[in-house]
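Survey of secondary and tertiary structure
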Amino acid sequence: MVAWEEFARQAPRVSEVFLRRHRGTGNLCMLATLRSDGSPRISPMEPMILEGALILVGMPNTSKFRDLARDPRFCLHTATIDPHLADGDAKLWGEVVNRQDEALHERFVDHLVGIGGPDLRGQAIDPFYVGDIASASSIEIAGGKLQVISWKAGGDERVTSIS
């Protein structure tokens, strides 16, 4: 598994599609986690890329964060608003780590306030999940063909064209 910065270096096409779709939906993604009985849960999430890291922070004590505390595996899917996928679509699979780093939290909060987010200054942020990425995929239309781009940590992107 790799941090966002390394993922973007190893998988530039997939990361570009992810970022384009992330911005295109106002940062909205869908986060898949596993419930205690092993069944899947899908929850809205507004992840952030900060200092080369994928940050998954939100309201504490929610079901999605209890899921991640128990089992750190996740899938993050860009919210699809166009059934024709003209702007593409991307998914990331990985695991989170609860990074308790007060200086990082302060920089995160300063950034959040700077973009018009909630003012969390002086508040503890726990959990503060940072996602490491194990694999990813995206789809996009290129040259009139659907292209599926897949990637696994440590490897190169693989492109499959579908007519």
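In the block above lies the structure referred to throughout.
Everything quoted here is computed from the prediction, not taken from an experiment.

A word on the pattern of salt bridges. All chains considered together, the criterion is met by 10 salt bridges. The partner of Glu140 in a salt bridge is Arg20, with the nearest N and O atoms 3.4 Å apart. Placement of Glu140 in strand β7 (residues 129–142) and of Arg20 in helix α2 (residues 12–24) is noted, with a sequence separation of 120 residues between them. A relative accessible area of 13% means that Glu140 is categorised as buried.

Bringing empty space enclosed by the protein into the picture now. Taken as a whole and assessed by the stated rule, the structure comprises one cavity of 30 Å³ or more. Roughly 40 Å³ of internal volume is contained in the largest cavity. Looking at the largest cavity, the residues that line it are Arg21, Ala79, Thr80, Ile81, Asp82, Leu85, Asp87 and Gly88. Here the lining of the largest cavity is composed, by residue class, of three nonpolar, two polar and three charged.

Here the focus is the side chain of Thr78. Tracing the sequence through the fold places Thr78 in strand β5 (residues 73–78). The buried category is assigned to Thr78, whose relative accessible area is 0%. Only 3.3 Å separates the side chain of Thr78 from the side chain of Asp89, close enough to count as a polar contact. Contact partners of Thr78, with chain neighbours within four places excluded, come to Phe18, Arg21, His22, Cys29, Asp89 and Ala90.

If you check α2, its first and last C-alpha atoms are 18 Å apart, about what 13 residues at 1.5 Å a residue would give, namely 18 Å. When we look at burial in α2, the residues that qualify are Val14, Ser15, Val17, Phe18, Arg21 and His22. Here the buried residues of α2 occupy an arc of 160° about the axis, which is enough to place them on one side. Looking at the packing, one finds that the buried side of α2 touches α1 (4–10), β1 (29–34), β5, β6 (89–98), β7 and β8 (145–152). Of the residues flanking the end of α2, it is Gly26, one or two places downstream, whose phi is positive at about 65°.

With that settled, consider the packing of aromatic side chains. When we look at a pair of aromatic rings, we describe it by the centre distance and by the angle of the planes. For the structure on display, the rule yields five aromatic pairs. Ring centres of Trp4 and Phe7 lie 5.0 Å apart, and the angle between their planes is 65°; on these two criteria the pair is classed as edge-to-face. Taken as a pair, Trp4 and Phe7 lie in helix α1 at a separation of three residues, close to a single helical turn. Take Trp4 and Phe7: they sit in the same class, and that class is buried. Members of the aromatic cluster, connected to one another through ring pairs, are Trp4, Phe7, Phe18 and Trp151.

Along the chain, Gln123 turns up in the loop between α4 (102–114) and β7. For the pair Gln123 and Glu106, spaced 17 residues apart in the sequence, the C-alpha separation amounts to 9.5 Å.

Approximately 670 Å³ is the volume found for the largest pocket. The wall of the largest pocket is formed by 29 residues, among which Glu46, Val57, Gly58, Phe108 and Leu112 lie closest to the centre. The set of elements that each furnish at least two residues to the lining of the largest pocket consists of α2, β2 (40–45), β3 (48–50) and α4. With three residues, the single largest contributor to the lining of the largest pocket is α4. For the lining of the largest pocket, the per-class residue count stands at 19 nonpolar, seven polar and three charged. Lining of the second largest pocket is provided by Gln100, Glu102, His105, Glu106, Val109, Asp110, Leu120, Arg121, Gly122, Gln123, Ala124 and Ile125. Looking at the lining of the second largest pocket, its residues break down into four nonpolar, four polar and four charged.

Reading the values: rules and limits
- Residues numbered from 1 in each chain as written.
- Predicted model: local features only at pLDDT ≥ 70, side-chain atom pairs only at ≥ 80, totals over all residues.
- Heavy atoms only, no water.
- Salt bridge = Lys/Arg side-chain N within 4 Å of Asp/Glu carboxyl O.
- Helix = DSSP H or I, 4+ residues; strand = E, 2+ residues; numbered from the N terminus.
- Buried < 20%, exposed > 50% of the residue type's maximum accessible area, 1.4 Å probe, protein only.
- 1 Å grid on protein atoms, 1.4 Å probe; cavity = no way out; pocket = protein on both sides within 12 Å on 5 of 7 lines; lining within 4 Å.
- Points joined across faces, edges and corners; volume = space filled by probe spheres on them.
- Nonpolar A, V, L, I, M, F, W, Y, C, P; charged D, E, K, R; others polar.
- Polar contact = N/O pair within 3.5 Å; in protein donor to acceptor, adjacent residues only side chain to side chain.
- Contact = heavy atoms within 4.5 Å.
- Expected span 1.5 Å × (residues − 1).
- Arc of directions from axis to C-beta.
- Phe/Tyr/Trp six-rings, centres within 6.5 Å; stacked < 30°, edge-to-face > 60°.

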